[in-house]
Amino acid sequence: MGTVDTAGTAERFRAAVEKRDLAALDDLFTDDIRLYSPVKFKPFEGKAAVLGLFGVLLRTFEDLRYLGRLDGGAETTSGGGEAPTVILPFRALVAGKQIHGIDQLQFDDAGRVKEFTVMVRPQSAVQALGQAVLTGLIADGLAPEA
């Protein structure tokens, strides 16, 4: 797993999210990033799609607060073997519902995020998040109206 600066990338990610700075996020993601969402089985693929989703998420989450950082390694979802991994636990509000969750960032050899997985609880918060994100994606022209 080498000497990839995952901690530095994770801290830059955290700061960008807390400042709602999409341009800073752009520099942290690989072009072929995959984001696994708690509300959709198929991942969001590619930097443009993931940044579009983050544009919605940064508007949707209220009072987002990261609680710490866990560093290690884990197998990637896409089966690419083990990758350096950082987990960032967080709390936030979505549509008035308290959400507890984690952001799991997995890195390439250059220290950029190549896989991103979001897990949240409880189920009622997942449903509120899914509806809010879908509404935002439709508003931004990134998803068809149902």
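Figured I'd write up the structure that's included with this text. It should be emphasised that the depicted structure is a prediction, and the values quoted were computed from it without experimental measurement. (Residues numbered from 1 in each chain as written. Predicted model: local features only at pLDDT ≥ 70, side-chain atom pairs only at ≥ 80, totals over all residues. Heavy atoms only, no water.)

### Focus on empty space enclosed by the protein
Right, on to step 1. Counting across every chain of the model gives one cavity of 30 Å³ or more.
Right, on to step 2. Estimated volume of the largest cavity: approximately 120 Å³.
Right, on to step 3. As for the largest cavity, its lining consists of 13 residues, and the residues nearest its centre are F54, F61, L64, Y66 and D103.
Right, on to step 4. Looking at the lining of the largest cavity, the elements that each hand over two or more residues are α1 (6–19), α3 (47–60), β3 (62–66) and β7 (113–121).
Right, on to step 5. In terms of residue count, the dominant contributor to the lining of the largest cavity is α3 (three residues). (1 Å grid on protein atoms, 1.4 Å probe; cavity = no way out; pocket = protein on both sides within 12 Å on 5 of 7 lines; lining within 4 Å. Points joined across faces, edges and corners; volume = space filled by probe spheres on them. Helix = DSSP H or I, 4+ residues; strand = E, 2+ residues; numbered from the N terminus.)

### What to know about the layout of surface pockets
A water-sized probe, rolled over the atoms, reveals where empty space remains.
Right, on to step 1. One number sums up the size of the largest pocket: a volume of about 200 Å³.
Right, on to step 2. In terms of lining residues, the largest pocket is bounded by 16 residues, among which S37, V39, F44, L53 and V133 are the most central.
Right, on to step 3. Going through the elements one at a time, β1 (29–37), β2 (40–45), α3 and α4 (123–139) are the ones with two or more residues in the lining of the largest pocket.
Right, on to step 4. Across the lining of the largest pocket, the residue classes tally to 13 nonpolar, two polar and one charged. (Nonpolar A, V, L, I, M, F, W, Y, C, P; charged D, E, K, R; others polar.)

### Notes on the nonpolar core
Right, on to step 1. Of all hydrophobic cores here, the largest spans 39 residues; its most connected members are F13, L25, F29, F54, F61, F90 and F116.
Right, on to step 2. Counting only elements with at least two residues in this core, the list comes to α1, β1, α3, β3, β5 (82–94), β6 (97–107), β7 and α4.
Right, on to step 3. A total of seven residues in this core trace back to one element, the largest contributor, which is α3.
Right, on to step 4. Look past the residues within four positions of F29 in its chain and what remains in contact with it is F13, K47, V50, L51, F54, R112 and V113. (Core = buried A, V, L, I, M, F, W, Y, C linked by side-chain atoms within 4.5 Å. Buried < 20%, exposed > 50% of the residue type's maximum accessible area, 1.4 Å probe, protein only. Contact = heavy atoms within 4.5 Å.)

### With respect to the environment of V50
Right, on to step 1. Inspection of the secondary structure assignment puts V50 in helix α3.
Right, on to step 2. A residue is classified by how much of its surface remains accessible, and V50, at 0% relative accessible area, is buried.
Right, on to step 3. The residues touching V50, leaving out its near neighbours within four places in the chain, are F29, I33, L35 and F44.

### Quick look at the packing of aromatic side chains
Right, on to step 1. The full count for this structure, using the stated rule, is seven aromatic pairs.
Right, on to step 2. Here F13 and F116 contribute two aromatic rings whose centre-to-centre distance is 5.3 Å and whose plane-to-plane angle is 55 degrees, an arrangement assigned as tilted. With F13 in helix α1 and F116 in strand β7, this residue pair connects regions lying 103 residues apart in the sequence. An identical accessibility class is assigned to F13 and F116; each is buried.
Right, on to step 3. An angle of 80 degrees between the planes, with centres 5.4 Å apart, marks the rings of F54 and F116 as edge-to-face. Here the residue F54 occupies a position in helix α3, and F116 occupies one in strand β7, the gap between them amounting to 62 residues. (Phe/Tyr/Trp six-rings, centres within 6.5 Å; stacked < 30°, edge-to-face > 60°.)

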